[in-house]
Amino acid sequence: MGCGWLGLPLAILLKEKGYAVKGSTTSEEKLPLLRNAGILAYQIKIAAEGIEGDIEGFLDSTDVLVVDFPPGLRRNPKLDYSGAIKNLAKAIESSGVKKLIFISSTSVYEETENFTIYTEDSKPNATSASGREIISVDKMLLENPLFDTTVIRFGGLIGAGRHPVKYLAGRKGIENPLGPVNLIHQKDCLRVIEKVLKNGIFGEEYNAVYPLNPPREKYYKEKAREAGLEEPEFDRSKPSVGKVISASKVMRELGVEFREGI
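A few points on the structure. (Residues numbered from 1 in each chain as written. Predicted model: local features only at pLDDT ≥ 70, side-chain atom pairs only at ≥ 80, totals over all residues. Heavy atoms only, no water.)

## With respect to the sheet that holds strand E6 (residues 99-105)
Judged by pairing direction, the sheet is parallel, and its four strands sit side by side in the order E5-E6-E8-E11 without closing on themselves. Of all the strands in the sheet, the pair left with one neighbour each is strand E5 (64-67) and strand E11 (205-208). When strand polarity is set aside, the average angle formed by the axes of neighbouring strands in this sheet is 20°. Contacting E6, strand E8 (148-154) and E11, helix H5 (residues 129-142) runs over the sheet at an angle of about 165° to E6. (Pairing = 2+ DSSP bridges. Helix = DSSP H or I, 4+ residues; strand = E, 2+ residues; numbered from the N terminus. Axes fitted to C-alpha atoms, helices over the stretch in contact; angles between N-to-C directions. Contact = heavy atoms within 4.5 Å.)

## Regarding the packing of helix H4 (residues 81-95) against H5
Between two packed helices, the angle of one axis relative to the other and the distance separating the axes together describe the packing. In contact at an axis separation of 9 Å, H4 and H5 are set at 15° when each is read in the N-to-C sense. One finds that H4 runs roughly parallel with respect to H5. Seen from above, H4 lies across H5 with right-handed handedness. Facing H4, whose interface residues are Tyr81, Ser82, Ile85, Lys86 and Ala89, H5 presents Glu133, Ser136, Val137, Met140 and Leu141. When the residues that make up the contact of H4 with H5 are grouped by side-chain class, the tally is six nonpolar, two polar and two charged. (Parallel < 35°, antiparallel > 145°, perpendicular 65-115°, else oblique. Left-handed = near helix turned anticlockwise from the far one by under 90°. Nonpolar A, V, L, I, M, F, W, Y, C, P; charged D, E, K, R; others polar.)

## Some points on the layout of surface pockets
Roughly 560 Å³ of volume is contained in the second largest pocket. If you go around the second largest pocket, you meet 28 residues; those closest to its centre are Ala20, Val21, Lys22, Thr62 and Val64. Listing elements by their share of the lining of the second largest pocket, those giving two or more residues are helix H1 (7-16), helix H3 (55-59) and E5. A total of five residues in the lining of the second largest pocket trace back to one element, the largest contributor, which is H1. (1 Å grid on protein atoms, 1.4 Å probe; cavity = no way out; pocket = protein on both sides within 12 Å on 5 of 7 lines; lining within 4 Å. Points joined across faces, edges and corners; volume = space filled by probe spheres on them.)

## Things to note about H5
Over its 14 residues, H5 runs 20 Å from end to end, which matches the ideal 20 Å to within 8%, given 1.5 Å per residue. The set of residues buried in H5 consists of Gly131, Glu133, Ile134, Ile135, Val137, Asp138 and Leu141. Taken together, the buried residues of H5 touch H4, E6 and E8. (Expected span 1.5 Å × (residues − 1). Buried < 20%, exposed > 50% of the residue type's maximum accessible area, 1.4 Å probe, protein only.)

Set out below in structure tokens:
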């Protein structure tokens, strides 16, 4: 569910590996793209007001549902993301789907001045409105007794033409120069999801970021130079806050190898 920047490459990868794959998009124009990749395509929109599209057909005879559509809270902080997921959960309950992989975010963990190291044993503690919304959604799905959910919390997503340095280049007064970066390449995201599917591990929580966390200022200046972009300038007048996300569990339990670097 959600064949976007990450979901479509995942659907294509799983199709190539022999899985029968359904895929959803909110855009009618995107349906031929999915069909040409051998994906059974559905146009579905999930919102707090209700679900548009053939959600019953999409979920029918589905063994595992992978949910990967962004909350959209940065663009619209008032969006009722938990209301949308509540509607989706009701549809899942009615469908009889028993296994769910939910793509979440490490934004559920608060940044601190001592750069707290967060593992899956750490209680999500974000205080921002968007962070609290994602925490509530994760909890809602993990505690639903009618299906087993594995939550995968990815760090900042890079790869396939996407890198935050493009938006930071030339900017001045950027805060938290010493804060660690927590990033993961698109291809490593696909490896993590495939490992969960292949091993059939549900009812778990996994954090997934590349296991190196250089300071933001050092990292983004280097990346800007490599890309031939103007270096960003950071503000050192205030103490930096940040966090370190540990991916030790996903490497230990699933045997994930982060191969792409950051």
